[in-house]
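Descriptive structure summary
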Amino acid sequence: MNPDPTRLATHVVAAAVTDVSGRVLIAQRPPGKHLAGGWEFPGGKLWAGEDRRAGLARELREELGITISTPRPLIRVRHTYDYGGVLIDMWVVRHYGGELSGLDGQALRWVSQEELEAVELLPADGPIVAALRLPERLTQASTAHYAVTELGGPDSGGRLRGVWCGGMADALAGGDVGADFLVLRNELAHEEIRSICELVAVPVYVPGIGLEEAWGLGATGIVEIGG
């Protein structure tokens, strides 16, 4: 049995806080911290036994002074720095209240998606930037940024590659072959959806339910195309 990665790495919750124009907030690590001066997504360490959503809400309240609602799960990224490993639990936050400011003395900056791809973010954040190109609602099988194919299907031509899945076995296989996201073909029981989202690190799209219901199960969005 593979070891639980959360036991081997610092578990971090972080968010791409976005404004009405689609810009994303990034923060600069202050002096005295590892990788000081680097830019990253706001967030911090999850407490032992703390619910991920609760931890995210706490961190953003402590760091930025905002309260959040309906965060969208995005992706989980593992990375090893010279001081140890991190597991980043990444979310998208579009709905929040309060006066946003850097309460830890950190510089803040709003950037467009294009600018975000040019900023020198921390090394762990590369897969997150790519995943932010994925929509909440999957209404097309192919765009300039991604393509959905069958498991074992053709290469996506440098775009993010999604894989159609019938259930848990396909989802695990898709993760094993390096799919960037998974698209469930059929409506599944909520517990099976929840289990898939817990076991795979990449974004998952589900059919037949609403967005907030999908987010509550751990999925990043819903699929509105047939597979």
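Scanning the model with the defined rule gives 12 salt bridges in all. Between arginine 29 and glutamate 40 there is a salt bridge whose closest N-O contact spans 3.1 Å. With arginine 29 in the loop between strand 2 (24-28) and strand 3 (39-40) and glutamate 40 in strand 3, this residue pair connects regions lying 11 residues apart in the sequence. Of the residues examined, glutamate 40 reaches a relative accessible area of 17% and is grouped as buried.

Buried within helix 6 (residues 190-199) we find Ile193, Ile196 and Cys197. Around the axis of helix 6, the buried residues are gathered within 95 degrees of arc, so they sit on the same side. Exposed side chains of helix 6 directed beyond 90 degrees from the buried face belong to Glu191, Glu198 and Leu199. In this fold, the buried residues of helix 6 make contact with strand 6 (72-81), helix 5 (168-176), strand 13 (181-184), strand 14 (204-206) and helix 7 (211-217).

Moving on to the side chain of arginine 161. Residue position: arginine 161 is located in strand 12 (residues 160-165). When sequence neighbours within four positions are dropped, the list of residues in contact with arginine 161 reads Ala147, Thr149, Glu150, Leu151, Gly152, Gly153, Pro154, Ser156, Val177, Ala179, Asp180 and Phe181.

Bringing the packing of aromatic side chains into the picture now. For the structure shown, the criterion picks out 2 aromatic pairs. The interplanar angle of 90 degrees and the centroid separation of 5.7 Å between the aromatic rings of tyrosine 146 and phenylalanine 181 together place this pair among those described as edge-to-face. Here tyrosine 146, found in strand 11 (residues 146-149), pairs with phenylalanine 181, found in strand 13; they are 35 residues apart in sequence, far enough to count as distant. A relative accessible area of 4% means that tyrosine 146 is categorised as buried. The exposure class assigned to phenylalanine 181 is buried, which follows from its relative accessible area of 0%. Taking the centre distance of 5.8 Å and the plane angle of 75 degrees together, the rings of phenylalanine 181 and tyrosine 205 count as edge-to-face. A residue pair is termed long-range when its members are at least 10 positions apart, and phenylalanine 181 in strand 13 and tyrosine 205 in strand 14 qualify at 24 residues. Taken individually, phenylalanine 181 and tyrosine 205 each receive the classification buried, so the pair is uniform in this respect.

This part takes up unusual backbone geometry. Its identity as a non-glycine residue notwithstanding, threonine 70 has a phi of 45 degrees, on the positive side. The residue threonine 70 is located in the loop between strand 5 (67-69) and strand 6 in this model. A relative accessible area of 27% places threonine 70 in the partly exposed class.

What counts and what doesn't
- Residues numbered from 1 in each chain as written.
- Predicted model: local features only at pLDDT ≥ 70, side-chain atom pairs only at ≥ 80, totals over all residues.
- Heavy atoms only, no water.
- Salt bridge = Lys/Arg side-chain N within 4 Å of Asp/Glu carboxyl O.
- Helix = DSSP H or I, 4+ residues; strand = E, 2+ residues; numbered from the N terminus.
- Buried < 20%, exposed > 50% of the residue type's maximum accessible area, 1.4 Å probe, protein only.
- Arc of directions from axis to C-beta.
- Contact = heavy atoms within 4.5 Å.
- Phe/Tyr/Trp six-rings, centres within 6.5 Å; stacked < 30°, edge-to-face > 60°.

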